[in-house]
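# Summary of structural features
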Amino acid sequence: MSLILRRKRAAAAAKAAGVESLLVTHLPDVRWLSGFTGSNAALVLDSGRKGGTAGRAVLFTDGRYTAQAKAEAAGMKVVIARKSAAIAASEWMGEARIRRCGFDEGNTTVADLANMRKALPAAVRRKMFEPVGFLVAKLRWVKDAEEIKRMRAAAALGCRLFEGALKTMQPGMTEAAVAAELEYAARLAGAEAMSFPTIVASCPRSALPHGRATRAKLPRRGFVTLDFGVVLDGYCSDMTRTVHLGQARAGERNAYDAVLEAQETAVAAVRAGVTAGEVDEAARGVLRRAGLDKWFTHSTGHGVGLEIHEGPRLAAKQTQALEAGMVITIEPGIYMPGKFGVRIEDMVLVTAKGGEILTPSTKAWIEL
Ligand code: ZN
Ligand code: ZN
């Protein structure tokens, strides 16, 4: 989908929300609409409601980004400001006689809003800004062909890194060293960054759902959970595998098999038209029947894209229907405090026929 088409779709959504213009300040949204990747940016998009050109946009940034904005946001009007982009955009809207503008209240602080209002003529301050929610973010939930291509590449790199980690991990090595090796390999392979701080949680820390890598040493016997992702061409990957060092103790293998069954059952439930809650229940039901659901303390998954956590949320009772082109994670886990934890996570592309796993690394029981 071209950037122009994305802007037209955002304009149509803004028009439906009843505003003349949309002020976009959340950087991933700005990037998705304009191609611009700078750290100070705002975009004003005409909804076409007052007879203007729907989808016409002006990008605001500062002097550090003059050349970059021209190159990345080719064909767009760019305003270089000496102040915060959102304030410059507000001033510009006041001068352009725009009187009703939608903004994303979920990504705007109370102070931001006060400053945006202050930049307007006094007469229009009170009624100018209308909260319209995650309007652009929601459009981003469904990926186009180019985005899916990039996400496939990011996910495939994640798989290669996991396979490399299997070769380096051994008892006595610190969690931090495992993360360091993996992240070094990621950068060499072209990753711009990690999607989030790498999680390497060895038994009993594997019972912490978000155990960042520490100086703890990998044990001779026990689980190690590896949850990590790379950013490649702007798009995030996300995957988790749990492997076992040494021979399994009583209960460990059963727990692993139950999580794997829950994960595979949820992946099999993915299809356009199915609700997020139904996919969550597919995973939760398996763990309930195994008597382990009380240890499954988080939701089943989340959307992923330019951001590591996007919508839709795959949680209990979520009525949001999945749509073809969404990329989501399926990541059930169980966590037994003081003992161990197991989580298995894939990235899954939603299609009309089902879910396609983008992270096909093995999920079979691994004993290192
Ligand atoms: Zn993850
Ligand atoms: Zn995840």
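Calculation rules
Residues numbered from 1 in each chain as written. Chains lettered and ligands numbered in written order. Predicted model: local features only at pLDDT ≥ 70, side-chain atom pairs only at ≥ 80, totals over all residues. Heavy atoms only, no water. Helix = DSSP H or I, 4+ residues; strand = E, 2+ residues; numbered from the N terminus. Expected span 1.5 Å × (residues − 1). Buried < 20%, exposed > 50% of the residue type's maximum accessible area, 1.4 Å probe, protein only. Contact = heavy atoms within 4.5 Å. Donors = N, O, S within 2.8 Å, 3.2 Å for Na, K, Ca; no water. Tetrahedral: all angles 85-135°; square planar, octahedral: opposite > 155°, others 65-115°. Pairing = 2+ DSSP bridges. 1 Å grid on protein atoms, 1.4 Å probe; cavity = no way out; pocket = protein on both sides within 12 Å on 5 of 7 lines; lining within 4 Å. Points joined across faces, edges and corners; volume = space filled by probe spheres on them. Nonpolar A, V, L, I, M, F, W, Y, C, P; charged D, E, K, R; others polar. Polar contact = N/O pair within 3.5 Å; in protein donor to acceptor, adjacent residues only side chain to side chain. Domains from an automatic or database assignment. Buried area = accessible area lost by both parts, 1.4 Å probe. Salt bridge = Lys/Arg side-chain N within 4 Å of Asp/Glu carboxyl O.

A few words now on helix H11 (residues 276-289). In this model, H11 (14 residues) spans 20 Å end to end at C-alpha, consistent with the 20 Å of a helix rising 1.5 Å per residue. Buried residues dominate H11, accounting for 10 of its 14 residues. Burial in H11 covers these residues: Ala 276, Gly 277, Val 279, Asp 280, Ala 282, Ala 283, Arg 284, Gly 285, Val 286 and Leu 287. Residues of H11 that are buried in the fold lie against helix H10 (252-269), strand E14 (310-314), strand E15 (327-330) and strand E16 (333-336). Immediately downstream of H11, the backbone of Gly 291 shows phi near 75 degrees, a positive value.

Ideal coordination angles are 109.5 degrees for a metal with four donors arranged tetrahedrally and 90 or 180 degrees for a metal with six donors arranged octahedrally. The coordination sphere of the zinc ion (ligand 1), as far as protein atoms go, consists of Asp 227 (OD), Asp 227 (OD), Asp 238 (OD) and Glu 345 (OE), spread over 2.0 to 2.7 Å. Geometry at the zinc ion (ligand 1) is irregular, judged from its 4 donor atoms and the angles of 53 to 151 degrees they form at the metal. For the zinc ion (ligand 1), the single-chain donor residues occur in sequence as D-x10-D-x106-E. Between the zinc ion (ligand 1) and the zinc ion (ligand 2), a spacing of 3.1 Å is present, and a bridge between the two is formed by Asp 238. One end of the pair, Asp 227, is in strand E9 (residues 222-228); the other, Glu 345, is in the loop between strand E17 (340-343) and strand E18 (346-350), with 118 residues separating them in the sequence. The pair formed by Asp 227 and Glu 345 is uniform in burial state, with each residue classed as buried.

This next bit is on the sheet that holds strand E10 (residues 230-232). One open sheet accounts for 3 strands, arranged E7-E10-E11; its pairing is antiparallel. Two strands close off the open sheet at either side, each with one partner strand: strand E7 (193-194) and strand E11 (235-236). Pairing geometry for E10 and E11, over 2 bridges, is antiparallel. When the sheet's bridge partners are listed, Leu 232 is paired in E11 with Tyr 235.

The tally for this structure, following the rule as stated, stands at 1 cavity of 30 Å³ or more. Here the largest cavity is characterised by a volume of approximately 70 Å³. Lining the largest cavity are 13 residues, with Leu 23, Val 24, Asp 29, Asp 104 and Val 136 sitting closest to its centre. Listing elements by their share of the lining of the largest cavity, those giving two or more residues are strand E1 (21-24) and helix H7 (135-140). For the lining of the largest cavity, the residue count by class is 8 nonpolar, 3 polar and 2 charged.

Within the element layout of this structure, Thr 300 appears in the loop between H11 and strand E13 (301-303). Within the structure, Thr 300 has its side chain in polar contact with the side chain of Asp 280 (distance 2.7 Å). Here Thr 300 is in contact with Ala 266, Val 279, Asp 280, Ala 283, Arg 284, Leu 314, Thr 329, Ile 330, Glu 331 and Pro 332, once residues within four sequence places are set aside.

Moving on, we get to the layout of surface pockets. Quantified by volume, the largest pocket comes out at close to 380 Å³. Every element with two or more residues in the lining of the largest pocket is listed here: helix H1 (3-16), strand E2 (42-46) and strand E3 (57-62). Each residue belonging to the lining of the largest pocket can be placed in one class, and the counts come to 10 nonpolar, 5 polar and 8 charged. For the second largest pocket, the calculated volume is near 280 Å³. Contributing to the lining of the second largest pocket are 18 residues, with His 210, Asp 227, His 302, His 309 and Glu 331 lying nearest its centre. Looking at the lining of the second largest pocket residue by residue, the classes come out as 6 nonpolar, 6 polar and 6 charged.

Splitting the protein by domain gives domain 1 (3-139) and domain 2 (145-357). Each of domain 1 and domain 2 has a C-alpha centre, and the two are 35 Å apart. Listed as interface residues are 5 residues of domain 1 and, on the opposing side, 6 residues of domain 2. Carbon and sulfur atoms make up 51% of the surface buried where domain 1 meets domain 2, a total of about 470 Å² over both sides. Contact with domain 2 buries surface across domain 1, with Pro 28, Arg 31 and Trp 32 losing the most and accounting together for 68% of the total. Inspection of the region where domain 1 meets domain 2 yields 1 salt bridge.

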